[in-house]
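Listed below are the residues making up each chain.
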Amino acid sequence: MKKEILYRMKSPFCDDFRVIGYTFGEGEKALCVLGAMRGNEVPQQYVCSQLVRTLALFEGQGFIANGVSIRMIPSANPFSMNIGKRFWAMDDTDINRMFPGYCKGETTQRIADGVFKAVHDYSFWIQIASYYMPEEFIAHARIIRTGLN
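Residues numbered from 1 in each chain as written. Predicted model: local features only at pLDDT ≥ 70, side-chain atom pairs only at ≥ 80, totals over all residues. Heavy atoms only, no water.

Enquirer: Is there a simple way to think about the state of the cysteines in this case?
Expert: By definition, a disulfide links two cysteine residues through a covalent bond between their sulfur atoms. Inspection of every chain in the model, using the stated rule, returns zero disulfides. Considering cysteine sulfurs only, Cys48 is the nearest to Cys32, which forms no disulfide, with 9.2 Å between them. A relative accessible area of 2% places Cys32 in the buried class. (Disulfide = S-S within 2.5 Å. Buried < 20%, exposed > 50% of the residue type's maximum accessible area, 1.4 Å probe, protein only.)

Enquirer: Is there a simple way to explain a nonpolar patch on the surface in this structure?
Expert: Taken together, the side chains of Tyr46, Val47 and Leu51 present a nonpolar region at the surface, about 270 Å² in accessible area. Structurally, the position occupied by Val47 is in helix 1 (residues 42–60). With relative accessibility at 37%, the residue Val47 sits in the partly exposed group. (Patch = residues over 30% accessible without salt bridge, like charges linked within 9 Å, V, L, I, M, F, W, Y side chains within 5 Å. Areas by Shrake-Rupley, 256 points an atom, 1.4 Å probe, with all protein chains shown as cover. Salt bridge = Lys/Arg side-chain N within 4 Å of Asp/Glu carboxyl O. Helix = DSSP H or I, 4+ residues; strand = E, 2+ residues; numbered from the N terminus.)

Enquirer: How do you make sense of the pattern of salt bridges when you look at a structure like this?
Expert: Any two side chains of opposite charge can pair if their charged atoms end up close together. Taken as a whole and assessed by the stated rule, the structure comprises seven salt bridges. Between Arg71 and Glu4 there is a salt bridge, and its shortest N-O distance comes to 2.9 Å. Residue Arg71 is found in strand 4 (residues 68–75), and its partner Glu4 is found in strand 1 (residues 2–9); the two are separated by 67 residues along the sequence. By relative accessible area, which is 9% here, Arg71 ends up buried. A residue is classified by how much of its surface remains accessible, and Glu4, at 22% relative accessible area, is partly exposed. The partner of Lys117 in a salt bridge is Asp113, and the shortest N-O contact between them spans 3.1 Å. Separated by four residues within a single helix, Lys117 and Asp113 lie in helix 3 (residues 107–119), roughly one turn from each other. Its relative accessible area of 12% is what places Asp113 among the buried residues. Overlapping salt bridges bring together Arg38, Glu41 and Asp94 as one network.

Below you can see the structure in the form of structure tokens.
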């Protein structure tokens, strides 16, 4: 398992904003799983944490196919996760709605751009999503075939 900072942004607060990713295996970028995009998506982050734990175990036992890699991103919005706020803590915008992002745009556009650059070249993505309207919904997965394979 390789843990890395996929996107970093200076913050006026105590610590920098970081999006952390975990990569398993080496080779063709086969699958990327993206968890919590919003600050209230605790189940999504939990599912990703369990996938990270399981994939680390599988990798240690040699169960990940040779020549492929899998990337896990448990949370793309750790600031809002820390305070339990659904959208971006500073201006109440939705990072999920900003994809693919813009590197010179508003804060959430820059975050979306940074995450997109870290994952755009994977053949498949799974986003463990919630519904865009604030209500009670069951977490669900969106499988996106990027057309790159």
